[in-house]
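Spelled out, the chains give:
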Amino acid sequence: MILDRYFARRFLQSFLMIGGVFLTLIMLIDLIEQLRRFEGLDISFAQMLALTMLNAPTAIKEVLPLLMIMSTIVLFIGLARSSELVVTRATGRSGIRALAAPATVAFIIGVLAVSTLNPIAAATSNRAQQLSDNYRSGGPSTLSISGEGLWLRQGSTQGQSVIHATGYGGVNEVILFDVTFLSYAPEGGPVRRIDAKSARLEPNEWLLSDAKVWELRSGQNPESTATHHEELQVPTTLTQDRVRESLGRPAGISIYDLPDTIRALRLAGFSTKRHEVWYQVELARPLFLMAMVLVGASFTMRHARFGGTGIAVISAVLLGFALYFIRNFAQILGENGQIPVLLAAWGPPIASILLTLGLLLHVEDG
C-alpha cells in the first residue's frame, strides 16, 4: 500500500503540473480569440477575461485524455530514469500491478469529471454564451424544450422577445409551427403579441405566415386594433446554425438534467439520439481515461538505458490520438443511428483497455 500511495501521489503531481500548464495555454489562446471576436466593440478587457475563465472548464474537460497520457509518460519516464521501476520489479511486483494506483487515480478523476466538472462546464459555457450574446446584440438568445413545445428567447437593443412553438420542422431550414411571439420593451413590459401558423427563419428575420398581431398598449383593447397579415417579417438576431446547435447541443446540459431533457425532447417530438449518445459517452469517460493511462504506460514502462524514449513518447501520443479519434467517430455513428448507442459510447473505451492490456502483457511477459 505504501508503494501504491507513492505511485498515486507521483501520478497526481504530474497531472496537476501538466494540467496547470495546459490551462494557462488554453486561457491565453482563448483570450486572444476573444480579443479578435470583439474587436471594434465597446468591451473591456475584464469582460473578455471573464469569458475566457468561463470557457476554461469546458476546455479542460475536453483535453483530459491528453492530460492522462502526458501525466503517465512523465511518471514512468521519471521512474525509469531513477531505476525505481527496476527496484519495483525486483521486489516481485509486476509492471501491470504497479499500474493499479495510477489507473485508480485516473478513474477517480474521471468520476469527478462526470459528477462535478460536467455540470460546472455546462453552467459556465451557457453563461459565457449569454454574456457573448449580450455584448454582441444587447440581449441573450436562449432555447429550451419541454413537453409543451419549443421555447426561444431572442434579445436586441429594442428589447426581448419570447417565442413559443408547438412543432419544429425543416431539413435545410428552421421552420416553427403554431408560433407565438411576445415582445417586451427594454424596461420589461409587454408591447406586442403575434400568433402565426408558421415561422421560417431567414437571414436577420423571421418570415411569418397567416399572422395576427395585437399591440399591447395601456388603456386600449388589443383586439380592437388587431391586424392580420398573410406574411409578416419580424427582425431577429438568431441564426439557423445557432438554433440547430441549441436543439442538438447536449454539452450545455448538466449530466444530472440530461435524462429529463431526453424525455422532454421525446414528448415534443424531437430526435434524442444525440443526447442519448452524449449521456452514455459521459458515463463511460472514467473508463476512457483509464485507457489513456494504459496507453501511456504501454510505451514508457521500460528502462532508460534501452534508449528510444523519444520514439516511445511519440508512439504513445499518436496511439492516444488514434483512440480518441475512434471514440469520436463512433460517437458520430451513434448520433446518426448507424450503430447502437451503447456500442458507440462504451465500445471504444472497453476496446482501448483490452488493446493496451494486450500491449502491456506483451511487454511484460514477451
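Now for a description of the structure that goes with this document. Everything numeric in this text was worked out from a predicted model, so none of it was measured.

Calculation notes
- Residues numbered from 1 in each chain as written.
- Predicted model: local features only at pLDDT ≥ 70, side-chain atom pairs only at ≥ 80, totals over all residues.
- Heavy atoms only, no water.
- Helix = DSSP H or I, 4+ residues; strand = E, 2+ residues; numbered from the N terminus.
- Buried < 20%, exposed > 50% of the residue type's maximum accessible area, 1.4 Å probe, protein only.
- Pairing = 2+ DSSP bridges.
- Axes fitted to C-alpha atoms, helices over the stretch in contact; angles between N-to-C directions.
- Left-handed = near helix turned anticlockwise from the far one by under 90°.
- Contact = heavy atoms within 4.5 Å.
- Nonpolar A, V, L, I, M, F, W, Y, C, P; charged D, E, K, R; others polar.
- Core = buried A, V, L, I, M, F, W, Y, C linked by side-chain atoms within 4.5 Å.
- Polar contact = N/O pair within 3.5 Å; in protein donor to acceptor, adjacent residues only side chain to side chain.
- Salt bridge = Lys/Arg side-chain N within 4 Å of Asp/Glu carboxyl O.

What about unusual backbone geometry?
- Of note in this structure, Asp 178 is not a glycine but carries a positive phi near 50°.
- Backbone geometry places Asp 210, a non-glycine residue, at a positive phi of 55°.
- If you trace the backbone, Asp 210 turns up in strand 6 (residues 205-215).
- Residue classification places Asp 210 among the partly exposed residues on the basis of a relative accessible area of 37%.

Observations regarding the pairing of strand 4 (residues 175-184)
- Pairing between strand 4 and strand 5 (residues 190-202): 9 bridges, direction antiparallel. Each bridged residue has a counterpart across the sheet, and for Ile 175 the counterpart in strand 5 is Arg 200.
- Counting the residues in the hairpin turn of strand 4 and strand 5 gives 5 residues, including Gly 188, whose phi is positive at 115°.

Re the packing of helix 2 (residues 45-81) against helix 9 (residues 285-300)
- The N-to-C vectors of helix 2 and helix 9 enclose an angle of 30°; their axes lie 8 Å apart at closest approach. Crossing of helix 2 against helix 9: the hand is right-handed. Residue-level inspection shows Lys 61, Leu 64, Pro 65, Met 68, Ile 69, Thr 72, Ile 73, Phe 76 and Ile 77 of helix 2 in contact with helix 9, the latter providing Arg 285, Phe 288, Leu 289, Met 292, Val 293, Gly 296, Ala 297 and Thr 300.
- For the contact of helix 2 with helix 9, the per-class residue count stands at 12 nonpolar, 3 polar and 2 charged.

Some words on the nonpolar core
- Of all hydrophobic cores here, the largest spans 43 residues; its most connected members are Leu 64, Met 68, Phe 76, Leu 99, Met 292 and Met 301.
- Elements that contribute at least two residues to this core include exactly helix 1 (2-37), helix 2, helix 5 (100-137), helix 9, helix 10 (309-335) and helix 11 (341-365).
- The dominant element in this core, judged by the number of residues it contributes, is helix 2, at 13 residues.
- Filtering out sequence-adjacent residues up to four positions away, Leu 99 remains in contact with Phe 76, Val 293, Leu 294, Ala 297, Met 301 and Leu 360.
- Leu 150, Leu 152, Leu 208 and Ala 211 belong to the second largest nonpolar core, which has 19 residues in total.

Some remarks on the side chain of Ser 298
- Considering the arrangement of structural elements, one finds Ser 298 in helix 9.
- At 2.7 Å, the side chain of Ser 298 forms a polar contact with the backbone oxygen of Val 295.
- Not counting chain neighbours up to four residues away, the residues in contact with Ser 298 comprise Thr 356, Leu 359, Leu 360 and Val 363.

Notes on the pairing of strand 5
- Bridge count for strand 5 against strand 6 is 10 bridges, and the pairing is antiparallel. Note that in strand 6 the partner of Asp 195 across the bridge is Lys 212.
- The turn linking strand 5 back onto strand 6 is made up of 2 residues, and Asn 204 within it adopts a positive phi angle of 70°.

Overview of the pattern of salt bridges
- In total, this model carries 8 salt bridges according to the counting rule given.
- As a salt-bridge pair, Lys 212 and Glu 223 come within 2.9 Å of each other at their nearest N and O atoms. You can see Lys 212 sitting in strand 6 and its partner Glu 223 sitting in the loop between strand 6 and strand 7 (227-235), a full 11 residues away along the chain.
- Residue Lys 212 is classed as partly exposed on the basis of its relative accessible area, which comes to 27%.
- The network of salt bridges with common partners includes Lys 61, Glu 62, Glu 282 and Arg 285.

By themselves, these figures tell us nothing about what the structure is for.
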